[in-house]
Structure formats: C-alpha cells, structure tokens
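What follows is each chain in one-letter form.
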Amino acid sequence: MSLPNHVRLVEVGPRDGLQNEAQPISVSAKVRLVDDLTEAGLAYIEVGSFVSPKWVPQMAGSAEVFAGIQQRPSVTYAALAPNLRGFEDALAAGVKEVAVFAAATEAFSQRNINCSVSDSLKRFKPIMAAARSHGVRVRGYVSCVLGCPYEGKVSAEQVAPIARELRDMGCYEVSLGDTIGTGTAGDTRRLFEVVSAQVPREQLAGHFHDTYGQALANVYASLLEGINVFDSSVAGLGGCPYAKGATGNIASEDVLYLLQGLGIETGIDLDRLIAAGQRISQVLGRSNGSRVARARMAQ
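Residues numbered from 1 in each chain as written. Predicted model: local features only at pLDDT ≥ 70, side-chain atom pairs only at ≥ 80, totals over all residues. Heavy atoms only, no water.

(A) Structural detail: the overall build of the chain. Looking only at helices and strands, the chain has 12 helices and 10 strands in total. Taken over C-alpha atoms, the radius of gyration comes to 18 Å for the chain, in line with the 19 Å a tight globule of 299 residues would show. With the C-alpha coordinates aligned to their principal axes, the bounding extent of the chain is approximately 50 × 45 × 35 Å. Counting all 299 residues of the chain, 54% fall into the buried class. One finds the centroid of the 28 positive side-chain charges in the chain at a distance of 3 Å from the centroid of its 30 negative side-chain charges. (Helix = DSSP H or I, 4+ residues; strand = E, 2+ residues; numbered from the N terminus. Rg over C-alpha atoms; globule rule 2.2 N^0.38 Å. Buried < 20%, exposed > 50% of the residue type's maximum accessible area, 1.4 Å probe, protein only. Lys, Arg positive; Asp, Glu negative; His and termini not counted. Charge placed at Lys NZ, Arg CZ, Asp CG, Glu CD.)

Printed below as a string of structure tokens:
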C-alpha cells in the first residue's frame, strides 16, 4: 500500500501529556501551550478533560482553559468526556468535539475506570445520544491494543470488536492506543489489518507510546497500512499511571520530522512546534522529550 499524501496529527499534549504531572500547572500555562500549538499549525488539539478533579487533579480548570484560548475556526479543540456529566460540562464550555475511552482488556478497564469493558461501552450510549442532539462529534479511543500491564500481549482479534462497537455507536474515528509502548512494527501492521476488516482504515488512527523505543517504527508501519491520523504529544509529554515504566506519548516533533522526510504534508511548522515543546518543558522543569527538538536546539 502506498504512503498517504497528507497526515493529520491529533495533538494530545495539553490533555494526555499533562494529566499525570505531579506538580500543579496554571491555567495560564495551559492556555499558552494550546495557543502555541495553534500558532504552530496543529489542526486538532485535545485541550483538556471534563472529569472529576478527585480522579485527575491536573485537569481541573479545563473550562477556564477553553475560555482563555484563542480559538481558530479551522482548528478542532476537543476534550475528553468520560461520562454524561463530563459531556454536559464540556458542552457548557463550548466544546464542539469530545472523546471517550474504552480498554481492550478487562483488567485494565477495571483498574482504570472500575468497570468491565462491556459496561464502559454501555456508559457511552447516553453521551452519544446527547452528542447527536447537540451536533457534537465524538472520537473514540481503545487503550492497551498491543499490550496490557496486567494481561500481557493483546491480540488484534480482541481489539477489533471493541473498535467496531465504538464506531457503530457513533464515533466518527477510533484511535488505537499502544498505551504501554510494547508493540512492534509487525504487531502494528497485523493490528490494523485485522481491525480494518471491521472498521474502515479511514476511520482508524494510531496512538503510540515510546517505552520500548518502537513508536516511530510503529507510525511508519501504520502508514504502510494506509493509516493517516496519529495522536502525538509535544515534547513527548505523558505516560500511563497504571503501567510501571511506561514513558510518554510519541513526540509530535519526532513524528513531524519523519513525515517531512517522507514528503507527507501536515501543515505544521516544525520550528514553532519545537518552541512550543521547549516552553512547556521549561514550565515543568524537565528536559524536552523530543529527540528532534534536542538535536535542533543543540545546533
């Protein structure tokens, strides 16, 4: 299969990247990050999460972040809404697109959201109904698609029906996430081959963590399978609190450098993206997790 001419990057840094940080991050710093990403040319930014601060303290203030950012009509500013209350709060904040999460394994679902996979999918139905009535689009995520911290290797056949159910209930796109970063290029190609028999490739996306250093290889393997949407996080921010040793999402800068080298269009300015990642890394007091950013800044 030939490589796509254009790829859409879904920037998850402001939400997935920051949600597990131990130190408080101000609303103004989050607003600046989203505005920086907008300036860099990202067309899709996951801004925050409308979930109880009791469970995810770092996502408190998501409504204030939405109110503070400089929104452009050409950019999708999305939020995670794990339940109907979260959806209603997102709607009140003016959110036009939300995301819902399911897991590929029972153990991860129980540890992460305290219910079975089947029950988690049932919880999404009122969200889908409310979204339809308000004209809000819904994107779906499936986590642990290549490996689970509790159940080990995950088969593609286990993932496919969950992705199909999310699509059937109304998710316009389903992102398949290697949450603990154990997948390989071979695993990834087979995953999309199997899942695409139930959900068309044009409705699938890839979400890779770099724990084993395989994330870029998995992006390339996905491209060979006809996938042209990828989740990524500026400066490689993020991780999985339920998987010991799991590192951050693949860095947006590194994915962009790969795509540019392949002649694939994204509409994103690499230099501005590097600047955005470096600024938030300084706020967090940590080194930039992007190899491309570190190399460019060293020159």
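Past the structure itself, the notes keep going.
(B) Summary view of the packing of aromatic side chains. For the structure on display, the rule yields three aromatic pairs. Each ring, one from phenylalanine 50 and one from phenylalanine 66, has its centre 6.0 Å from the other, and the planes form 35°; the classification is tilted. Taken together, the residues span a long stretch of sequence, with phenylalanine 50 in the loop between strand 2 (44-49) and helix 3 (62-68) and phenylalanine 66 in helix 3 at a distance of 16 residues. When the centroid spacing of 4.3 Å and the interplanar angle of 5° are considered together, the rings of phenylalanine 101 and tyrosine 141 count as stacked. In this pair, phenylalanine 101 sits in strand 4 (residues 97-103) while tyrosine 141 sits in strand 5 (residues 137-143), placing the two residues 40 residues apart along the sequence. (Phe/Tyr/Trp six-rings, centres within 6.5 Å; stacked < 30°, edge-to-face > 60°.)

(C) Region of the structure containing the packing of helix 4 (residues 84-92) against helix 6 (residues 117-134). Helix 6 packs onto helix 4 with a crossing angle of 25° between their chain directions and a minimal axis gap of 9 Å. Taken as axis vectors, helix 4 and helix 6 run roughly parallel relative to one another. Judged by the twist between their axes, the crossing of helix 4 over helix 6 is right-handed. Contact residues: helix 4 offers Leu84, Phe87 and Leu91, while helix 6 offers Pro126, Ile127, Ala130, Ala131 and His134. The residue inventory of the contact of helix 4 with helix 6, partitioned by class, reads seven nonpolar, one polar and no charged. (Axes fitted to C-alpha atoms, helices over the stretch in contact; angles between N-to-C directions. Parallel < 35°, antiparallel > 145°, perpendicular 65-115°, else oblique. Left-handed = near helix turned anticlockwise from the far one by under 90°. Contact = heavy atoms within 4.5 Å. Nonpolar A, V, L, I, M, F, W, Y, C, P; charged D, E, K, R; others polar.)

(D) Spatial organisation of the packing of helix 10 (residues 252-261) against helix 12 (residues 291-298). The contact between helix 10 and helix 12 brings their axes to 6 Å, and the two run at 85°. What the angle tells us is that helix 10 and helix 12 run roughly perpendicular. Along the contact surface, helix 10 presents Glu253, Asp254 and Tyr257, while helix 12 presents Arg291, Val292, Ala293 and Arg296. Residue classes in the contact of helix 10 with helix 12 are distributed as three nonpolar, no polar and four charged.

(E) The pattern of salt bridges, seen in detail. Across all of its chains, the model carries 19 salt bridges by this definition. For the salt bridge of glutamate 173 with arginine 139, the shortest nitrogen-to-oxygen distance reads 2.7 Å. You can see glutamate 173 sitting in strand 8 (residues 173-178) and its partner arginine 139 sitting in strand 5, a full 34 residues away along the chain. A single network of salt bridges, built from pairs that share partners, joins Arg8, Arg139, Glu173 and Asp231. (Salt bridge = Lys/Arg side-chain N within 4 Å of Asp/Glu carboxyl O.)

(F) Structural view of the side chain of lysine 30. By the element assignment, lysine 30 lies in helix 2 (residues 27-40). No salt bridge is formed by the buried lysine 30; its nearest oppositely charged neighbour, glutamate 64, is found at 8.4 Å. When sequence neighbours within four positions are dropped, the list of residues in contact with lysine 30 reads Leu18, Ile25, Gln58, Met59, Ala60 and Val65.

(G) Looking closely at unusual backbone geometry. Phi at asparagine 114 is positive, roughly 60°, even though this residue is not glycine. Along the chain, asparagine 114 falls in the loop between helix 5 (106-113) and helix 6. A relative accessible area of 53% means that asparagine 114 is categorised as exposed. Of note, cysteine 144 is a non-glycine position whose phi angle comes to about 60°, a positive value.

Interpretation note: all reported values are geometric properties and have no functional meaning in isolation.
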